[in-house]
Amino acid sequence: MNNAGILRDKMSFNMEESDWDDVIRVHLKGHFAPSHFARSTGRQGQARRGRKRAHHQHVSEAGLYGNAGQANYSAAKAGIASMTWVLARELERYGVTVNAIGPVPAPA
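Residues numbered from 1 in each chain as written. Predicted model: local features only at pLDDT ≥ 70, side-chain atom pairs only at ≥ 80, totals over all residues. Heavy atoms only, no water.

S.K.: Just give me the short version of the overall build of the chain, but keep the residues and values in it.
M.R.: In terms of regular secondary structure, the chain is built from 3 helices and 2 strands. In the chain, the succession of α and β elements from N to C terminus is α-β-α-α-β. Within the chain, the fraction of its 108 residues that count as buried is 31%. Considering only residue pairs separated by 6 or more positions, the chain has 67% of its internal contacts joining residues 24 or more positions apart. Element-wise, carbon and sulfur atoms account for 54% of the exposed surface of the chain, whose accessible area totals about 6,900 Å². (Helix = DSSP H or I, 4+ residues; strand = E, 2+ residues; numbered from the N terminus. Buried < 20%, exposed > 50% of the residue type's maximum accessible area, 1.4 Å probe, protein only. Contact = heavy atoms within 4.5 Å. Areas by Shrake-Rupley, 256 points an atom, 1.4 Å probe, with all protein chains shown as cover.)

S.K.: Break down the pattern of salt bridges for me, with residues and values.
M.R.: Side chains that differ in sign of charge can pair as their charged atoms come close. Here the structure, examined in full by the defined rule, presents 2 salt bridges. Note that Lys-10 is salt-bridged to Asp-19, the shortest N-O span being 3.1 Å. Arg-25 is paired through a salt bridge with Asp-22; the nearest N and O atoms lie 3.2 Å apart. One end of the pair is Arg-25 and the other is Asp-22, both in helix α1 (residues 17-49) and 3 residues apart, which spans about a single turn. On the accessibility criterion, Arg-25 (46% relative accessible area) is partly exposed. Residue classification places Asp-22 among the partly exposed positions, given a relative accessible area of 23%. (Salt bridge = Lys/Arg side-chain N within 4 Å of Asp/Glu carboxyl O.)

S.K.: Describe a nonpolar patch on the surface, and please don't skip the residues or the numbers.
M.R.: On the surface, Leu-64, Tyr-65 and Val-104 cluster together into a nonpolar patch covering about 330 Å² of accessible area. With respect to the helices, strands and loops of the structure, Val-104 is situated in the segment after β2 (96-101). For Val-104, a relative accessible area of 43% translates into the label partly exposed. (Patch = residues over 30% accessible without salt bridge, like charges linked within 9 Å, V, L, I, M, F, W, Y side chains within 5 Å.)

S.K.: Account for helix α3 (residues 71-91), naming residues and giving values.
M.R.: Compared with the 30 Å implied by 1.5 Å per residue over 21 residues, the 30 Å span of α3 between its first and last C-alpha is a close match. By the burial criterion, the buried members of α3 are Asn-72, Tyr-73, Ser-74, Ala-76, Lys-77, Ile-80, Ala-81, Met-83, Thr-84, Leu-87 and Leu-91. (Expected span 1.5 Å × (residues − 1).)

Okay, here's the thing in C-alpha cells:
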C-alpha cells in the first residue's frame with residue numbers, strides 16, 4: 001500500500017514553483033519508487049508460484065474532482081490514479097492486480 005504525501009496549499013496564483021515541485025515529487029515519486037521495487041520482485045516470483053498479488057495506491061477525492069487551493073495536490077493525486085491504470089494493464093499478465101483506494105466522504 002502506497003500512501004506518500006504532503007500538502008502545500010495555496011491558490012495557484014500565489015503558489016511558488018517549489019510548492020508545486022515538492023508536492024509532485026513526494027506524491028508521484030513516493031508512489032513510484034516502492035511500487036517499482038515491489039513490481040520487479042513480485043513479477044519475477046509470479047510465474048513460478050502462480051500466486052495472485054495485489055498492489056494498492058492511495059488517491060484522493062481532490063485528484064478526481066479537484067480542490068480550490070490544491071492545484072499541486074490535485075494534479076499529483078490525479079497522476080497517481082493514472083499511474084494505477086497503467087500499472088494494472090502492465091501487471092495483469094503476471095497475475096498482479098493494482099487498485100486505487102480513494103476515500104470520499106459519505107453524503108450527509
